[in-house]
Structure formats: C-alpha cells, structure tokens
Amino acid sequence: MPNVSMGIHRNRHCLPYAAKVGGSSQSDDLVLTKPVGSGGATRGPDVLKVQRALNLAPHDKGGPSPKLAETGVADAKTIAAIHAFQRFHFGKSDGRIDVMGRSHAKLSSLQPAKIKRMEMAKNYLAQAMQCMRAAETGILGAGVELMTGGGLMGTRNLNLVDKHFDVRKSANPAAALGHIGAVYAKMLAVFARPGGLWGWQAFEAEPFTNPDFYAFTWWGGFSRSGDYAGWQRLDTIYLSAFYDKATDDNRIQTIVHELAHFVGPTSGDLIYDYAYGQQSAPQMKALSPYQKQHNAESFGNYAFEAQFGRAPL
Ligand SMILES: [Zn+2]
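Residues numbered from 1 in each chain as written. Predicted model: local features only at pLDDT ≥ 70, side-chain atom pairs only at ≥ 80, totals over all residues.

Participant: Describe in detail the overall build of the protein, supporting the description with residues and values.
Facilitator: Helix and strand counts for the protein come out as 10 helices and 9 strands. Burial status across the protein gives 45% buried among its 313 residues. Partitioning the intrachain contacts of the protein with sequence separation of at least 6 by distance along the chain shows that 67% fall at a separation of at least 24. (Helix = DSSP H or I, 4+ residues; strand = E, 2+ residues; numbered from the N terminus. Buried ≥ 20, exposed ≤ 12 C-beta atoms within 10 Å, placed from the backbone. Contact = placed C-beta atoms within 7 Å.)

The structure is reproduced here in structure tokens:
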C-alpha cells in the first residue's frame, strides 16, 4: 500500500499510523487547540504552552536564547522566537504555530522526553549498523558459495541467508541475492551521505504520541527528500513511544526493519510487512520466497542473526 505510512505495532502487527492523533497529555507532547502567533491566538493557555515548548527545545535545534518569559501573551519576542524556530527548520517562516502543522510537529518532537528517546536510540543505531554490515558481508559470502558450491569452506553463509530469504528456492538465486545485498547497501548508504538530513538526521521522535507503536516511516522515504504528507516528513523514520519500552534486541531490529521500508521502492515491489516475528514463527515460515525477500521483518531478523548468531528476543 503506497502512500500509507505504517508503524510497527507493539504486538507486531502493522497498522496504518494514526496520524489523526493530536497529542497526548500523558506525554510531553505539545497539545494545542488553536493556532498561536501571527494571525492566531496572542494570549491564553495555548500561547503559554508554545512559550514553554520553545524554551524546552534545545537552542541548537532552534529554541530561543535567552529563553522567553512564560507569560501566556504572544509578545514581539515570542513571535520572533516562532519565526526563528521556523527559519531554522524550514528556511522560511510565517510566525504562527498551526495546530497539527509542520511547525507544531517539529516543536513537539523536540521536547525533553523525545530528545531523550533519540539519544537512547542512537546507542542502538551503532549496533544496528553492525548488523547491516554483517548482513552485507554474509550476502557477499553467500554469493561466492552459490557460485562455487561452497567447496571446502561449505555453505554456512548461504545457509543463513536461505534460512531467512529462501534464495535457493527462487527462480534466479543469484538475482535474489543481488536484490537482498542491494537493500543492505542502500541502508548503509543512508549513513554514508554527509551532513544534511541524512544519517541519524533521518530519524526523529514522533511528535504526537501513539503508545502502541515502535516506529513508523514512509515507503521509499530514502528517495522522498523534503516531501510531506500533512505534518509528516516522508523522508523521516519516526521513533514512537513504545520504542522506550522495547527490549534491547527489538530496538536494534526495529531500526533495521524500518530502514528496509525506507530504502525500498515507493511503488511496485515494496519492502512490505508480509509477516512479523522471529524467523521460526509459523507466519514467517509460511511466506513465499518472494515475500521473504520483500519483508521488512526478514531483513531485520537476518541482519540481527548475521551479527549476533541468534534471533532477537
Ligand atoms: Zn514494517
């Protein structure tokens, strides 16, 4: 389903991400009922919330310095701080935080608990990258084993790839290996591009809390640089509230899983969610070779096992 962003649900069932969610008072989401700033509310509780949220946003992420007086009145300094925040992130400004608009989402993603999540997640990114590199190495080894029949070295790499992707059951095993290897190469390329959005900048905390999701992204976001659907950036992988409660293994695997969607095509042979769970789960084993080779969970599981020698727990 192109043009529908998907998340990994905590129960491992992908659901369309509930983008209608306007934020949760149980979190540090910025919850607004009316636009604030130029042409919007200039006094009242929503103005106070915006002032607080701007003050809590790090200065190196567009927050004001010195901090605003939290008065509930959108004075000239408050409007200027909104302009500065917008110019920092979008290169242009209108001085107003619209409800569920891009500025609202960005400001809500930069609140303390969200920043903390991203700092925590970054530790797992390094391990996820080791998994992707182990996968790339394993695929190369499997390619050699496929050509040579393994010889004295056996087919250890090919066997592990087969366990997750059934390449030997494909019409063209070499082409299937090539496809799988290209997906991991593209994932690693996300972190090879210098500066700008790319690398870790492709990840962001979800602005409006949905406690049932690990993460969500857009099909083929890698090639959708700068595109939006409402507040959602299509070139971004959002880490959701449940990521905070996931196991270490799932935090690593989720990053690889989401990157598989992210670097896949925007239409046609999508990297899809055909099934979830460990490779040994019945619903995973039941997939066809094609489905396994286009299943985000399989990409996450294989990379994890290539690195750690076991399934994610
Ligand atoms: Zn998925």
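Participant: I'd like a description of helix 10 (residues 296–308), backed by residues and values.
Facilitator: Given a rise of 1.5 Å per residue, 13 residues ought to cover 18 Å, and the 18 Å separating the end C-alpha atoms of helix 10 matches this to within 8%. Across the 13 residues that make up helix 10, a large majority, 12, are buried. All of the buried residues in helix 10 are Ala296, Glu297, Ser298, Phe299, Gly300, Asn301, Tyr302, Ala303, Phe304, Glu305, Ala306 and Gln307. Along its buried surface, helix 10 packs onto helix 4 (112–148), helix 5 (156–165), helix 6 (173–190), helix 7 (248–263) and helix 9 (289–292). Within two residues after helix 10, glycine 309 carries a phi angle of roughly 75°, on the positive side. (Expected span 1.5 Å × (residues − 1).)

Participant: Provide a residue-level description of the packing of helix 5 against helix 10, including the pertinent values.
Facilitator: For the pair helix 5 and helix 10, the least separation of the axes is 9 Å and the interaxial angle reads 155°. Judged by the angle between their axes, helix 5 and helix 10 are roughly antiparallel. As for how helix 5 packs across helix 10, the hand of that crossing is right-handed. Between helix 5 and helix 10, the residues in contact are Leu160, Val161, His164 and Phe165 and Ser298, Asn301, Tyr302, Glu305 and Ala306, respectively. (Axes fitted to C-alpha atoms, helices over the stretch in contact; angles between N-to-C directions. Parallel < 35°, antiparallel > 145°, perpendicular 65-115°, else oblique. Left-handed = near helix turned anticlockwise from the far one by under 90°.)

Participant: Go over the environment of arginine 96, please, and point to the residues and values.
Facilitator: Note on placement: arginine 96 falls in strand 4 (residues 96–97). Look at arginine 96 and you get buried, because 21 C-beta atoms sit within 10 Å. Apart from the residues within four sequence positions on either side, arginine 96 is in contact with Pro35, Val36, Gly37, Ser38, Gly39, Gly40 and Ile82.

Participant: Hey, could you go over the pairing of strand 6 (residues 213–217) for me, with residue numbers and the actual values?
Facilitator: Along any regular strand the residues' side chains alternate between the sheet's two faces. Burial runs high along strand 6: 5 of the 5 residues are buried. As defined by bridge partners, strand 6 adjoins strand 9 (residues 237–239) across 2 bridges and the pair is classed as antiparallel. Paired with phenylalanine 216 across the bridge in strand 9 is tyrosine 238. (Pairing = 2+ DSSP bridges.)

Participant: An account of the environment of aspartate 273 is needed here, citing residue identities and associated values.
Facilitator: Looking at the secondary structure, you find aspartate 273 in the loop between helix 7 and helix 8 (282–285). What makes aspartate 273 buried here is the crowd of 22 C-beta atoms within 10 Å. Sequence spacing of aspartate 273 and glutamate 297 is 24 residues, and the spatial spacing of their C-alpha atoms is 7.0 Å.

Participant: A description of helix 4 should follow, citing residues and the corresponding values.
Facilitator: Spanning 37 residues, helix 4 covers 54 Å between terminal C-alpha atoms, matching the ideal 54 Å at 1.5 Å per step. Along its length, helix 4 shows its largest kink, about 30°, at asparagine 123. A positive backbone phi angle near 75° is found at glycine 149, which sits one or two residues after helix 4. (Bend = angle between axes of the 7 residues up to and from the residue.)

Honestly, it's all geometry; don't read function into it.
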